[in-house]
Amino acid sequence: MAYPAPKPKKPELPQHLQRKLSCNQGAVRAVRFNVDGNYCVTCGSDKSLKLWNPHKGTMLKTYSGHGYEVLDAAGSCDNSQLCSCSSDKTVILWDVAQGLVVRKFRGHAGKVNCVQFNEESTVIISGSIDSSIRCWDCRSRKPEAIQILDDAKDGISSVKVSDHEILVGSVDGHLRRYDLRKGEMCADYVGSPITCVSFSQDSQCLLFIPRLHTPPPR
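Criteria and thresholds
Residues numbered from 1 in each chain as written. Predicted model: local features only at pLDDT ≥ 70, side-chain atom pairs only at ≥ 80, totals over all residues. Heavy atoms only, no water. UniProt positions renumbered as here; feature names shortened; annotations may be inferred. Helix = DSSP H or I, 4+ residues; strand = E, 2+ residues; numbered from the N terminus. Buried < 20%, exposed > 50% of the residue type's maximum accessible area, 1.4 Å probe, protein only. Contact = heavy atoms within 4.5 Å. Pairing = 2+ DSSP bridges. Salt bridge = Lys/Arg side-chain N within 4 Å of Asp/Glu carboxyl O.

Per the UniProt annotation, the sites labelled "repeat: WD" (unreviewed entry) are residues 21–62, 63–104 and 105–146. Strand forms 52% of residues 21–62 and helix 0%; the C-alpha atoms that close the span are 14 Å apart. As a span, residues 105–146 carries 0% helix and 45% strand, and end to end its C-alpha atoms are 11 Å apart.

Structurally, the position occupied by H164 is in the loop between β13 (156–161) and β14 (165–170). Taking relative accessible area as the criterion, H164 reaches 19% and is therefore assigned buried. Taking C-alpha positions, H164 is 9.2 Å from K182, a pair spaced 18 residues apart along the chain. Not counting the four nearest positions on each side in its chain, H164 is found in contact with Y178, D179, L180 and R181.

Turning next to the pairing of strand β18 (residues 206–210). Here strand β17 (residues 194–199) pairs with β18 via five bridges, running antiparallel. The residue of β18 that forms the bridge with F199 is L206. Connecting the antiparallel pair β17 and β18 is a turn made up of six residues, with S203 showing a positive phi of about 60°.

The next thing to look at is the pairing of strand β16 (residues 184–189). Looking at chain direction, strand β15 (residues 174–179) and β16 are connected through six bridges and run antiparallel. Of the residues in β16, the one forming a bridge with Y178 is M185. Where β15 hands over to β16, the hairpin turn is made up of four residues, of which G183 adopts a positive phi near 70°.

Turning our eyes to something else, we now look at the pattern of salt bridges. Within the structure shown, the criterion is met by six salt bridges. R29 is the salt-bridge partner of E69, the closest N and O atoms lying 2.9 Å from each other. Here E69 is found in the loop between β4 (58–64) and β5 (70–75), whereas its partner R29 is found in strand β1 (residues 28–33), with 40 residues between them in sequence. On the accessibility criterion, E69 (14% relative accessible area) is buried. Residue class for R29 comes out partly exposed when judged on its relative accessible area of 44%. As a salt-bridge pair, D163 and R181 come within 3.5 Å of each other at their nearest N and O atoms. Placement of D163 in the loop between β13 and β14 and of R181 in the loop between β15 and β16 is noted, with a sequence separation of 18 residues between them. Take D163: its relative accessible area is 42%, and that puts it in the partly exposed class.

Here it is, written out as structure tokens:
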């Protein structure tokens, strides 16, 4: 007689603190894991990035080169490079091992809130308070962006990239999806400023977090 297989347990949210990192960077604006989750980088208001082994609590390297607080960062697919953005209006490409600036990209008219690599880590996509998305070629020596997406009517708050799409959240309350293969843009108005966007693991669903308006205290 065959017994039915036991039902799998429902996924649970983490319940216990595993590690606390004393970053000493002032306000920490973002924390990002690398592609395999073995390392993470913290972005500080002291203008620095720090690379950590979060499992051991060990700080591995500090990256200094921005002129103002660092707001976001991302790691390349082979872990050899980092990109970061700052309130100083710049995007920086870093050599992870040497801790040196490889390229510094200028072109945004306001602070840059978010950065992402494309799937091959050959292009950096950045979103700024100036309402634009800019794409930077990591291999070219040309200083200007290779593409500018300026459909948003207010600042860009979040960017995510799949193999052929760019997902953008904006303070103007629109969720925009750019299909790079078809050259099309789809927009959904959600009515509130969007603070964060993401693809599901299979890229078939989208997740966004709106900024909810809280009533004033009585």
